[in-house]
Every structure is written in structure tokens, then in C-alpha cells.
Amino acid sequence: MEHSNGGFSAAGLRKMREVLAEHVDSGKIPGLVALVSRGGRTHVEALGTMHRDGGAPMSRDTIFRMASTSKPVTVAGAMVLLDECRLRLDDPVEPWLPELADRRVLRRIDGPLDDTVPARRPITVRDLLTSTFGLGMDMMALGTPIMNAVFERGLTPNLPVPMPEPDEWMRRLGELPLMHQPGEHWQYQISNDLLGVLVARVTGRSFEDFLRERVFDPLGMNDTGFHVPADRLDRLPTLYAPDPQTGEFLVWDEAKGGRWSEPPAFQGGGGGLVSTVDDYHAYFRMLLNGGVHEGKRILSRPAVELMTTNRLTPEQTAARTAMAVDNVHISHGQGQHGGWGVGMAVRTYRGDYAPVGQFGWDGGTGTTSYADPHNRLVGILLTQVGLSVPDPARLIHDFWTTLYQAIDD
């Protein structure tokens, strides 16, 4: 099929703005920033305000908590190391992550933590990259001893207690059995945080320092990092997580004195980034361009192709789909794309207006970022309302629906 490089229709962009504005005018979404680009054309909408009760307006340079939309970006650190042969796909991770040696695996997912069998083989770099190393957030297994232990140990973000520094985090992780044999089962989140620890240990630097040197700085992503410096905090909106029962707007995180106001103990590749629409646009355009940004090569073309190609078997895809489809009351339909590459969803079937091959991900703080190679487009929508209620998911769905209608060929 031919790739199209045209832009968007003026009428289509007007319709998109009207639909986004309806969400803001409804009072359900205080503010948003949306960026759409196609070929050489970029269009940005900034609507509403930074706070629920008004205050400063949203602007193009507003900084957002990216949540899981961090995943497609932070995996670039590991991909750089693969390109440089400092990591190999099928090497065991034990030399750098000795806490993961000699794993035990639960006999059954809901069994006691000491009812285990030995792992059949070591955990490899590939297992971490594909989120199949054997542990993760399993929404179908909430309330089991292993999921309770993951939460109690502070191994996942967004709990009342922040995650501990990486060596302590690894020590706690190493005390747990795996839920599945290495390489067998796709599971969410923990792999992406583990990759950050792996990159730091291989390079002997902090994960953020390495990402900044090799990814953020070359792409001009000057507002992207794991916290917001004090002189930029006025550009970070209040983050809300409305009560699922009443819809009452509860504050999840304030800008000043909040979780992103100082460097975290743990630089979480799974959900720790803050960023802007323009920074994310630079990154996703680089992926669309096969790893090159303004003449500079960030990643090899094959690395980008590996990241943006489905890596899951049909059995693994079933677990991946269950997270979206069988939890639709929690996920609000987010994640119904079929496949998963490295750190991001890859669309393997036409389930909505986007074509097969689209890649990217969404975040629990009301963020979405995808690129579509067939239409040469990038779409990014950032809000400050968490997915504790369906409103930001509905906004995200409407954004993509109107964006695809605005394609003008």
C-alpha cells in the first residue's frame, strides 16, 4: 500500500477541537494538550486550565506525568545497548541482576509463596524486553498471595509508599517466586522497571543520565525526565484521580511538594517520566523515521523495527487482550490492539479507526501517544485526570476517532 504524506483537513481539525472542547466544557476534564502531526505538518490544541478550579490555562509547554506512556520511551535505553552489543537478546541477566539467579516459580498462580518448582531456565534480556520474565501486574490475579506481596513490598508505583532505591527494590524482588516460567507469559509493568535497573548496572550510571545523554538530549527533549525542577513546577498541573463511585475530584498529586517535585529514589521506566507534547513528538517522529532525528541516528532501523513489531505468541496475546477486554470496567477499553512489541502496544488487528501497525501506549494519568507508519502520523493527547473513571478514556477514544477522520487524502 502507498504511504500517504498529506496533512489534515481544516474541517477535520475543527471537528477534533470541538469534540475535545466538549470534554473540557463538561467539567470532567479540567484541561488538555493535544498534538497531531502528519508528514511535515503539526497542529496543537491547548484547552482548559491547569487546575480543576481554573487558574493558569493549559499551554503547549505544560509538563505532564506520563505514567505508562513512559514505557515506549524508556525502552530506548536498552535498545541503545543492544545496538552497541553491550547487551544480547538471549544472554541471561544474572551477571548484572544477580538477585534474579536461581528462580523458583509458583506451582499455581494463586498458591502459597512457598509452593514452587525450579525455573526451567535463566531469565534473559529478551524476557525483560518482551515483558515475559515471569512477574508482573496481573489484573486477573488481584488478591492472590503473590500480587499482595508485590504491593506490600512497594514494587509498583502509585502506592502510598514510593518505590525504594534500585538495589533495595531488587533485593525485595529477588525474595519473591516468579508467577510463570521465564519466557512463557506476557505480564505488565515490572519488566519495564527492571530494564531501567539493568541499563544502570550495565552502564555504571543512573538510568536517567544514560537516557539523557543517548536519547533525550539528542532529540531536544529538554523537559523530559523523572522529576520536574523547581523552576518549572509552575508548568506541572495538579493530577486528579476522581472517585470511581461519586466522581468527586480527588487530588492524586500536587505539583509543589508532590511526587515529581524532587528526584525519586527509583527512576521507574514503567511509569516515571514527565514530559511535554513536543518532547514526545520528537521521540515518536524518530521512531517513524527509522531511528533518525534531524540527521542524527538515535537507534538503528532494525532496533526500531523490533520495538514496533508484535513479539507475542497467540497464547501470550490472550493474556494481553484479557487485560483490556475482560477488565473493561477498569481499563475502559484501553489496550485493545492485539500485539505488544518492546515497551509498547502494536496493533495487529483493525479494532477501531486506526490501521494495523500503529504503535504506542496509554498512561493511567490520562495520557496517550501513538505513531502510525501507514499514515505517517503521530498523535499525542495529555491530560491531568487519572483513569480511575472512564472520562479520560472516553476523551482519548474521541481524540483518535476525530484524528483519523481529519486525514485528508
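Thresholds applied
- Residues numbered from 1 in each chain as written.
- Predicted model: local features only at pLDDT ≥ 70, side-chain atom pairs only at ≥ 80, totals over all residues.
- Heavy atoms only, no water.
- Helix = DSSP H or I, 4+ residues; strand = E, 2+ residues; numbered from the N terminus.
- Rg over C-alpha atoms; globule rule 2.2 N^0.38 Å.
- Buried < 20%, exposed > 50% of the residue type's maximum accessible area, 1.4 Å probe, protein only.
- Contact = heavy atoms within 4.5 Å.
- Areas by Shrake-Rupley, 256 points an atom, 1.4 Å probe, with all protein chains shown as cover.
- Pairing = 2+ DSSP bridges.
- Axes fitted to C-alpha atoms, helices over the stretch in contact; angles between N-to-C directions.
- Salt bridge = Lys/Arg side-chain N within 4 Å of Asp/Glu carboxyl O.
- Phe/Tyr/Trp six-rings, centres within 6.5 Å; stacked < 30°, edge-to-face > 60°.
- Polar contact = N/O pair within 3.5 Å; in protein donor to acceptor, adjacent residues only side chain to side chain.
- Expected span 1.5 Å × (residues − 1).
- Lys, Arg positive; Asp, Glu negative; His and termini not counted.
- Core = buried A, V, L, I, M, F, W, Y, C linked by side-chain atoms within 4.5 Å.
- 1 Å grid on protein atoms, 1.4 Å probe; cavity = no way out; pocket = protein on both sides within 12 Å on 5 of 7 lines; lining within 4 Å.
- Points joined across faces, edges and corners; volume = space filled by probe spheres on them.

Observations regarding the overall build of the protein chain
Okay, so step 1: Assigned secondary structure in the protein chain consists of twelve helices and 16 strands.
Okay, so step 2: Whereas a compact globule of 409 residues would reach a radius of gyration of roughly 22 Å, the protein chain reaches 20 Å, a difference of no more than 12%.
Okay, so step 3: Seen through its C-alpha atoms, the protein chain measures out along the principal axes to roughly 60 × 50 × 40 Å.
Okay, so step 4: A burial count over the protein chain gives 57% of its 409 residues as buried.
Okay, so step 5: For the protein chain, contacts bridging at least 24 residues in sequence account for 69% of all contacts bridging at least 6.
Okay, so step 6: Carbon together with sulfur atoms contributes 50% to the accessible area of the protein chain, which is approximately 16,100 Å² in total.

Section: the sheet that holds strand 12 (residues 338-340)
Okay, so step 1: Read from one edge of the open sheet, eight strands run 3-2-1-16-15-14-13-12, paired in antiparallel fashion. In this open sheet, the two strands that pair with only one neighbour each are strand 3 (54-57) and strand 12. If you compare each strand with its neighbour and ignore which way they point, the axes differ by 20° on average.
Okay, so step 2: Sheet topology note: the strand 13 (residues 345-347)/strand 14 (residues 359-363) ladder contains two bridges and is antiparallel. Each bridged residue has a counterpart across the sheet, and for valine 346 the counterpart in strand 14 is phenylalanine 359.

Regarding the pattern of salt bridges
Okay, so step 1: Per the stated rule, a full pass over the model turns up 25 salt bridges.
Okay, so step 2: Notably, a salt bridge pairs arginine 65 with aspartate 253, separated by 3.0 Å at the nearest N-O pair. Of this pair, arginine 65 sits in strand 4 (residues 64-65) while aspartate 253 sits in strand 8 (residues 251-253), and the two are 188 residues apart along the sequence. Assigned by exposure class, arginine 65 and aspartate 253 land together as buried.
Okay, so step 3: Among the salt bridges present, the one from aspartate 223 reaches arginine 235, with a minimum N-O distance of 2.6 Å.

Description of the packing of aromatic side chains
Okay, so step 1: Applying the stated rule across the entire model yields 13 aromatic pairs.
Okay, so step 2: Ring centres of tryptophan 186 and tyrosine 188 lie 6.0 Å apart, and the angle between their planes is 40°; on these two criteria the pair is classed as tilted.
Okay, so step 3: Look at tryptophan 186 and you get buried, because its relative accessible area is 4%.
Okay, so step 4: By relative accessible area, which is 10% here, tyrosine 188 ends up buried.
Okay, so step 5: Here the aromatic rings of tyrosine 370 and tryptophan 400 are separated by 5.5 Å at their centres, their planes lie at 90°, and the arrangement is edge-to-face.

Quick look at the environment of threonine 238
Okay, so step 1: Inspection of the secondary structure puts threonine 238 in the loop between helix 7 (207-219) and strand 7 (239-240).
Okay, so step 2: Taking relative accessible area as the criterion, threonine 238 reaches 3% and is therefore assigned buried.
Okay, so step 3: In contact with threonine 238, not counting residues within four places along its chain, are Met50, His51, Arg65, Val251, Asp253, Glu254 and Gln384.
Okay, so step 4: One polar contact links threonine 238 to glutamate 254, side chain to side chain, over a distance of 3.3 Å.

Re helix 12 (residues 391-405)
Okay, so step 1: Over its 15 residues, helix 12 runs 21 Å from end to end, which matches the ideal 21 Å to within 8%, given 1.5 Å per residue.
Okay, so step 2: Looking only at helix 12, the buried set comprises Asp391, Pro392, Ala393, Leu395, Ile396, Phe399, Trp400, Thr402, Leu403 and Tyr404.
Okay, so step 3: Looking at the buried residues of helix 12, the elements they touch are helix 1 (10-25), strand 1 (31-38), strand 14, strand 15 (367-372) and strand 16 (377-383).

Observations concerning the side chain of aspartate 138
Okay, so step 1: Summarising the element assignment, aspartate 138 is placed in the loop between helix 3 (125-129) and helix 4 (145-152).
Okay, so step 2: Here aspartate 138 sits buried without a salt bridge, and the closest side chain of opposite charge, arginine 320, lies 12 Å off (N-O distance).

So, the nonpolar core
Okay, so step 1: Counting 109 residues, the largest nonpolar core has Trp169, Tyr283, Leu287 and Leu299 as the members making the most contacts within it.
Okay, so step 2: What leucine 287 contacts, discounting residues up to four positions off in sequence, is Leu299, Val304, Met307, Met344 and Phe359.
Okay, so step 3: Within the second largest apolar cluster, seven residues are counted, among which are Ile63, Val228, Leu236 and Val274.

Quick notes on the environment of arginine 38
Okay, so step 1: Mapped onto the fold, arginine 38 is located in strand 1.
Okay, so step 2: Owing to a relative accessible area of 0%, arginine 38 belongs among the buried residues under this scheme.
Okay, so step 3: Placed 254 residues apart in sequence, arginine 38 and valine 292 show a C-alpha to C-alpha distance of 17 Å.
Okay, so step 4: A polar side-chain atom of arginine 38 sits 2.9 Å from the main-chain carbonyl oxygen of asparagine 375.

Quick word on the layout of surface pockets
Okay, so step 1: Of the pockets and cavities examined, the largest pocket occupies roughly 1,400 Å³.
Okay, so step 2: Lining the largest pocket are 46 residues; nearest its centre among them are Ser68, Pro157, Asn158, Trp252 and Gly364.
Okay, so step 3: Mapped by element, the contributors of at least two residues to the lining of the largest pocket are helix 10 (314-325), helix 11 (328-331) and strand 14.
Okay, so step 4: Among the elements that make up the lining of the largest pocket, the one with the highest residue count is strand 14 (three residues).
Okay, so step 5: Taken as a whole, the second largest pocket spans an internal volume of roughly 290 Å³.

Brief notes about the pairing of strand 16
Okay, so step 1: Within strand 16, seven of the seven residues are buried, which leaves the element mostly enclosed by the surrounding structure.
Okay, so step 2: Every second residue of strand 16 is oriented toward a common face, with Leu377, Gly379, Leu381 and Thr383 on one face and Val378, Ile380 and Leu382 on the other, all of them buried.
Okay, so step 3: Pairing between strand 1 and strand 16: seven bridges, direction antiparallel. Across the sheet, valine 33 pairs through a bridge with leucine 382, a residue of strand 16.
Okay, so step 4: The sheet contact formed by strand 15 and strand 16 spans six bridges and is antiparallel. Directly across from tyrosine 370, in strand 16, lies its bridge partner glycine 379.
Okay, so step 5: Linkage of strand 15 to strand 16, two consecutive antiparallel strands, is achieved through a turn of four residues, within which arginine 376 is found at a positive phi near 55°.

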